[in-house]
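Survey of secondary and tertiary structure
If you want the building blocks of each chain, they are given just below.
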Number of protein chains: 2
Amino acid sequence: MTPQSASAQPHAARATESASAVPAPAVPVTALLTDQYELTMVQAALASGAAGRRCVFEVFTRHLPAGRRYGVVAGTGRMLEGLAAFRFGGAEIDWLRGRGIVDEPTLEFLADYRFSGDIHGYAEGEVFLPDSPVLRVEASFAEACLLETYVLSVLNHDSAIASAASRMTVAAGDRPCVEMGSRRTQEFSAVAAARAAAVAGFTATSNLEAGRRWGLPTLGTAAHAFTLLHDSEEEAFEAQVAAFGPGTTLLVDTYDVETAVRRAAAIAGPELGAVRLDSGDLVEQAGEVRALLDSLGNTGTRIIVSSDLDEHAIARLQSAPVDSYGVGTKLVTGSGSPTAAMVYKLVARTDDDGQSIPVAKNAPGKSSLGGVKHPLRSLDESGRATAELIGVGAAPQTHGQRTRELMVPLVRRGEIAAEHTGESGVAQARRRHAASLAELPPAAKRLQDGDPVLPTIFS
Amino acid sequence: MTPQSASAQPHAARATESASAVPAPAVPVTALLTDQYELTMVQAALASGAAGRRCVFEVFTRHLPAGRRYGVVAGTGRMLEGLAAFRFGGAEIDWLRGRGIVDEPTLEFLADYRFSGDIHGYAEGEVFLPDSPVLRVEASFAEACLLETYVLSVLNHDSAIASAASRMTVAAGDRPCVEMGSRRTQEFSAVAAARAAAVAGFTATSNLEAGRRWGLPTLGTAAHAFTLLHDSEEEAFEAQVAAFGPGTTLLVDTYDVETAVRRAAAIAGPELGAVRLDSGDLVEQAGEVRALLDSLGNTGTRIIVSSDLDEHAIARLQSAPVDSYGVGTKLVTGSGSPTAAMVYKLVARTDDDGQSIPVAKNAPGKSSLGGVKHPLRSLDESGRATAELIGVGAAPQTHGQRTRELMVPLVRRGEIAAEHTGESGVAQARRRHAASLAELPPAAKRLQDGDPVLPTIFS
């Protein structure tokens, strides 16, 4: 992964790219990251004889978060990485037996469990809309049912973060956004959030584990505590510049900003990489600090801001002389929408004669459409997306329009398509997101509340 | 952990208690679950000579989520479990070196790192208010600084979930609440959320890994997919009852609720454990279903509801004949407040003479109060909490009021107090929460927006 604009990164805070061949740590066993009922359903279906019926489950959301124009599929690669570790080992089987959660025939099935079906899905980074069938899992009931909770946990979280992140990078335009939210979300969510942000165009993260696992560029220099630790701000700045050179980023709002900027410029000289503002009226301060830096001869010193930013704050700051945005809490909590609200629904299954039958529940407000969905995105002559076309049980009617495939194979007969995982998977998803976003009508980039940017047409 | 009311649990859905001696899986290395700047600050402080200064960091929040009356400290035990694994092993050191993130002297320090300081904090489950010093970390700067991101990630997430969960169990009164939100949050957050919900009084969880790791009671029977898998609802109910006995919980809203309830009663008989409603107008439906069940002779069959519940929906359902609540999305996303917004601030450090000096930054809107805080909760003669008393640099003035200690030792000279970890830690936190909540003024239990339920008095 390459930052959008390498020159926009201050020197000592420059993203340190992957350079190491150290293998990522093994993913822990994921098979108990699930709801108990996935296992009890398998037991009852093994007993009833229905466990082997070939099933199609689809993942979709009934609605976007209020006012959002589009969502971003993310987590696909991470989900596939964990799927390889979705096994019930001896420790898991012993625990399930000790608790009496399922019976011995079910434990035998689980001990041998290895997903052997097919999974297709929207490519990671792809734009989705309400009812978009973002994932399709085809396998026996027992095999596919077991994955429900795990698959949803990964996709719901990562897609929520990427969907928020995309609005932030859209608002920031050419200015880099850096993910800094680890402390405001669960410690492993933080790692996943850094990855999802990268899919949606963030250029770097503060999170080291995300850097290790997916080769993401990482950033970071110092916090207020470093200044407070020393006997004076001057000593702290001197210590930091001694350690990292003048190209470092100095945090200038521990005491008085103007004094700090003057001190920073005096200590680091014209090579000072950047100053960071983490509080106050950032629009006003950025203008004052820019003028002050320029007056001191620090015309190349950049300004980084990082105080409770969201997409709206970033948009307001676009008129200010800011060079990059550090985004924390609002990113890792999905900017008001911490889950993508996706569901995993059985839409077709075979009967005793092996015929596939569309199925759907009829619960009020939660009814869904039975049958396997076949999605395409229609495009006008200039390549601009015009609609989501969804065929139910067959390819959608296109009326001669130009269309683009949305589904890609992710797992074939249990074999995971490795190109979607690891570092290359993130890089590929990032490119997919940029391309899909560029194809949308201009209304997609409006931050104010509105309807989904594309209509969804069933046929 | 014992469910609040064992009799309120339907038979086959009964919480399966810890019965196994299988050890929990090892916690993975946690030391890279951190922001890069924690490490670069250590490098600069090692070089400046300030790394060894004895420091006190405090964790607190400047404000509760809008309208909330109190917060709940959670994650303490989980944080201590991960602290034991906060080590930089060979793989971590090699990766840091390969990336060039810190220099060799810093890598040497990290390779030997083992927290050797003291940590005190509010007991897990304790009620907190704005400015409550919920955690105090005392160590050298280098040792304490490194823990910032990790400690905040755990406490911010788990406290946000427990704070929402507490409002839900308050609203539910004697009716059990069951945590079912795994699919709507990141897969490891789900495990932590189940634990935090238990601290705040939830009686069980659907999450198996949480059951394994902390002995939490787990629940679950079947989803709509199980009904759709079979050729008829009748066959599905028969299969489930055959597998789990009549005491199971049947999901009755896949097609028509009335038909399903009649079918369920006919198939399982009067011993039918429970029916679950997952959609529609639950207040109205619960009344109709109760009357129908009673008319069919199923007076002992319970009604479980589970459709996008939050504390307000639970409060509305209290007048309906519902027996227990399954809570998902709104619980695991903190019911609108997915982070507790806690910060980790340096409040005192030694100078070159070894004298401790209070320190604080002065950033607009983010200024904090220097000096070590000493909290007590004051109580009236009946034992009702009246205020949070916080002494700065010394014990608070109590003016002869009855008070209660809030801080407990969690780590002494690097030794973790094991009673706060594992299953016993959760049980202890659950008791602490119940006791602290019972002590609050009645306004604490109001769900409508309001001010913090106790004033905070500094002295």
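The name given to chain A in an unreviewed UniProt entry is Nicotinate phosphoribosyltransferase, with the source organism recorded as Nesterenkonia aurantiaca. UniProt lists a comment for chain A under the heading Sequence similarities (unreviewed entry), and it reads "Belongs to the NAPRTase family." UniProt's Function (unreviewed entry) comment on chain A is quoted here verbatim: "Catalyzes the first step in the biosynthesis of NAD from nicotinic acid, the ATP-dependent synthesis of beta-nicotinate D-ribonucleotide from nicotinate and 5-phospho-D-ribose 1-phosphate."

1. Structural notes on the overall build of chain A
Helix and strand content of chain A: 15 helices and 19 strands. Against the globule reference of 23 Å for 459 residues, chain A gives a C-alpha radius of gyration of 25 Å, in line with a compact fold. Based on the C-alpha atoms only, the size of chain A along its principal axes is roughly 80 × 55 × 40 Å. Among the 459 residues that make up chain A, the fraction classed as buried is 65%. Element-wise, carbon and sulfur atoms account for 49% of the exposed surface of chain A, whose accessible area totals about 15200 Å². A distance of 4 Å separates the average location of the 42 positive side-chain charges in chain A from that of its 54 negative side-chain charges.

2. A word on the packing of helix H10 (residues 233–244) of chain B against helix H11 (residues 257–268) of chain B
Residues and elements named next belong to chain B. Axis separation between H10 and H11 bottoms out at 10 Å; the angle between their running directions is 40°. Viewed along their axes, H10 and H11 adopt a mutual orientation that is oblique. Handedness of the H10/H11 crossing: right-handed. Contacts between H10 and H11 involve Glu-233, Glu-234, Phe-237, Glu-238 and Val-241 from the first element and Ala-260, Arg-263, Ala-264, Ile-267 and Ala-268 from the second. When the residues that make up the contact of H10 with H11 are grouped by side-chain class, the tally is 6 nonpolar, no polar and 4 charged.

3. Side note on a nonpolar patch on the surface
A cluster of nonpolar side chains, contributed by B:Leu369, B:Val392 and B:Phe458, occupies part of the molecular surface with about 230 Å² of accessible area. Among the residues examined, B:Val392 registers a relative accessible area of 30% and is labelled partly exposed.

4. Some words on the UniProt feature "domain: Nicotinate phosphoribosyltransferase N-terminal" (unreviewed entry) in chain A
Following the UniProt record, the feature "domain: Nicotinate phosphoribosyltransferase N-terminal" (unreviewed entry) maps to residues 32–156 of chain A here. Helix and strand shares over residues 32–156 of chain A are 42% and 18% respectively, and the end C-alpha atoms of the span are 18 Å apart.

5. What about the interface of chain B and chain A?
Opposite the 105 residues of chain B that make contact, chain A presents 105 residues. In this structure, the connection of chain B to chain A is made through 14 salt bridges. With its nearest N and O atoms 3.3 Å apart, the salt bridge here joins A:Arg349 to B:Asp231. On the surface where chain B and chain A come into contact, there are 57 residue pairs in polar contact (both at pLDDT 80 or more).

6. Some words on the pairing of strand E9 (residues 274–277) of chain B
Residues and elements named next belong to chain B. By the alternation rule, side chains of E9 split into Ala-274 and Arg-276 and Val-275 and Leu-277, which are all buried. Sheet topology places strand E8 (residues 249–251) next to E9; 3 bridges connect them, and they run parallel. Paired with Thr-249 across the bridge in E9 is Ala-274. In this view, the connection linking E8 to its parallel neighbour E9 by way of H11 has right-handed handedness. As paired strands, E9 and strand E10 (residues 302–305) are joined by 4 bridges and run parallel to one another. Each residue of the ladder has a partner; that of Arg-276, found in E10, is Ile-304. Regarding topology, helix H12 (residues 282–295) serves as the crossover connection from E9 to the parallel E10, and that connection is right-handed.

7. Observations concerning the domain arrangement of chain A
Residues and elements named next belong to chain A. In terms of domain boundaries, chain A breaks down into domain 1 (26–160 + 337–458) and domain 2 (171–334). Averaged C-alpha coordinates put domain 1 and domain 2 at centres separated by 37 Å. At the junction of the two partners, domain 1 supplies 21 residues and domain 2 supplies 20 residues. Taking both partners together, domain 1 and domain 2 bury about 1600 Å²; carbon and sulfur atoms supply 59% of that area.

8. What about the sheet that holds E10(B)?
The strand order across the open sheet built from 6 strands is E7-E6-E11-E10-E9-E8 (chain B), with neighbouring strands paired in parallel fashion. A strand with exactly one partner marks an edge of an open sheet, and here the two such strands are strand E7 (204–205) and E8 of chain B.

9. Some words on the packing of H11(B) against H12(B)
Residue and element names in this part refer to chain B. It is the contact of H11 with H12, at a shortest axis distance of 10 Å, that shows an interaxial angle of 35°. As for the relative orientation of H11 and H12, their crossing is right-handed in sense. Seen from H11, the contacting residues are Val-257, Glu-258, Val-261 and Arg-262; seen from H12, they are Gln-285, Val-289, Leu-292 and Leu-293.

10. Quick word on the relation of the copies chain B and chain A
Between chain B and chain A, the superposition needs a rotation of 180° and an axial shift of 0.0 Å, giving an RMSD of 0.0 Å. Put plainly, the chains are arranged around a two-fold axis. In this assembly, 100% of the residues forming the interface of chain B have copies in chain A that are likewise at the interface, indicating an isologous arrangement.

11. Description of unusual backbone geometry
What you tend to see is this: most non-glycine residues have negative phi, and most peptide bonds are trans. All names here are of chain B. Of note, Ala-341 is a non-glycine position whose phi angle comes to about 60°, a positive value. Topologically, Ala-341 is positioned in the loop between helix H14 (329–332) and strand E12 (342–350). Relative accessible area serves as the criterion here: at 19%, Ala-341 is assigned to the buried category. Look at His-399: it is not a glycine, yet its phi comes out positive at around 50°. Positionally, His-399 belongs in the loop between strand E15 (385–392) and strand E16 (402–405).

12. Side note on H10(B)
Residue pairs three or four apart in sequence face the same way in an α-helix, which turns once every 3.6 residues. The end-to-end C-alpha distance of H10(B), which contains 12 residues, comes to 16 Å, matching closely the 16 Å that a straight helix rising 1.5 Å per residue would cover. Within H10(B), the full set of buried residues consists of B:Glu233, B:Ala236, B:Phe237, B:Ala239, B:Gln240, B:Val241 and B:Phe244. Against the buried residues of H10(B) lie helix H1 (36–48) of chain A together with helix H9 (224–229), E8 and H11 of chain B.

13. Points about the sheet that holds strand E13 (residues 356–358) of chain A
Sheet strands line up and pair through hydrogen bonds in the backbone, either parallel or antiparallel. Residue and element names in this part refer to chain A. Ordered by their spatial adjacency, 7 strands build an open sheet running E13-E12-E1-E5-E3-E17-E18, and the pairing between neighbours is antiparallel. Of all the strands in the sheet, the pair left with one neighbour each is E13 and strand E18 (415–416). Sheet topology places strand E3 (residues 118–122) next to strand E17 (residues 407–412); 4 bridges connect them, and they run antiparallel. Its bridge partner being in E17, Ile-119 is matched across the sheet by Val-411. Most of the contacts of helix H2 (residues 76–83) go to E17, to which it runs at about 10°, and overall it touches E3, strand E5 (135–140), E17 and E18. Strand contacts of helix H6 (residues 148–172): strand E1 (54–61), E5 and strand E12 (342–350), with the helix running at about 140° to E12, the strand carrying the most contacts.

14. With respect to the state of the cysteines
Residue and element names in this part refer to chain A. Enumeration according to the criterion identifies 0 disulfides over all chains in this entry. Unpaired in this structure, Cys-145 has its nearest cysteine sulfur neighbour in Cys-55, at a distance of 8.8 Å. The class of Cys-145 is buried, set by a relative accessible area of 2%.

15. Re the confidence of the model for chain A
All names here are of chain A. Scored by pLDDT, chain A has a mean of 93; 94% of the residues are at 70 or more. Across residues 1–26 the pLDDT falls below 50, and counting only partners more than four positions away or on other chains, this stretch makes 70 contacts in the model. Confidence metrics for the complex model read pTM 0.94 and ipTM 0.94.

16. What about the pattern of salt bridges?
A complete count under the given rule lists 56 salt bridges over all chains for this structure. A salt bridge links B:Arg183 to A:Glu148; the nearest nitrogen and oxygen atoms lie 2.9 Å apart. Here B:Arg183, found in the loop between strand E6 (177–179) and helix H7 (187–199), pairs with A:Glu148, found in helix H6, and the two come from separate chains. The residues B:Arg183 and A:Glu148 share a single accessibility class, namely buried. With a closest N to O distance of 2.9 Å, B:Arg377 and B:Glu126 form a salt bridge. Of the two residues, B:Arg377 sits in strand E14 (residues 373–379) while B:Glu126 sits in the loop between strand E3 (118–122) and strand E4 (127–128), which places them 251 residues apart along the sequence. The pair formed by B:Arg377 and B:Glu126 is uniform in burial state, with each residue classed as buried.

17. What to know about the packing of aromatic side chains
All names here are of chain B. The final tally for this structure, using the stated rule, is 15 aromatic pairs over all chains. Directly above the aromatic system of Trp-214 lies the positively charged group of Arg-195, at a separation of 5.4 Å from the ring centroid. Positioned above the aromatic ring of Trp-214, the side-chain terminus of Arg-213 is 5.7 Å from the ring centre.

Here is what the cut-offs are and how they apply
- Residues numbered from 1 in each chain as written.
- Chains lettered and ligands numbered in written order.
- Predicted model: local features only at pLDDT ≥ 70, side-chain atom pairs only at ≥ 80, totals over all residues.
- Heavy atoms only, no water.
- UniProt positions renumbered as here; feature names shortened; annotations may be inferred.
- Helix = DSSP H or I, 4+ residues; strand = E, 2+ residues; numbered from the N terminus.
- Rg over C-alpha atoms; globule rule 2.2 N^0.38 Å.
- Buried < 20%, exposed > 50% of the residue type's maximum accessible area, 1.4 Å probe, protein only.
- Areas by Shrake-Rupley, 256 points an atom, 1.4 Å probe, with all protein chains shown as cover.
- Lys, Arg positive; Asp, Glu negative; His and termini not counted.
- Charge placed at Lys NZ, Arg CZ, Asp CG, Glu CD.
- Axes fitted to C-alpha atoms, helices over the stretch in contact; angles between N-to-C directions.
- Parallel < 35°, antiparallel > 145°, perpendicular 65-115°, else oblique.
- Left-handed = near helix turned anticlockwise from the far one by under 90°.
- Contact = heavy atoms within 4.5 Å.
- Nonpolar A, V, L, I, M, F, W, Y, C, P; charged D, E, K, R; others polar.
- Patch = residues over 30% accessible without salt bridge, like charges linked within 9 Å, V, L, I, M, F, W, Y side chains within 5 Å.
- Salt bridge = Lys/Arg side-chain N within 4 Å of Asp/Glu carboxyl O.
- Polar contact = N/O pair within 3.5 Å; in protein donor to acceptor, adjacent residues only side chain to side chain.
- Pairing = 2+ DSSP bridges.
- Right-handed = clockwise from strand over helix to strand, strands pointing away.
- Domains from an automatic or database assignment.
- Buried area = accessible area lost by both parts, 1.4 Å probe.
- Least-squares fit on C-alpha atoms with pLDDT ≥ 70 in both.
- Expected span 1.5 Å × (residues − 1).
- Disulfide = S-S within 2.5 Å.
- pLDDT = per-residue confidence, 0-100.
- Phe/Tyr/Trp six-rings, centres within 6.5 Å; stacked < 30°, edge-to-face > 60°.
- Lys NZ or Arg CZ within 6 Å of the ring centre and 35° of its normal.

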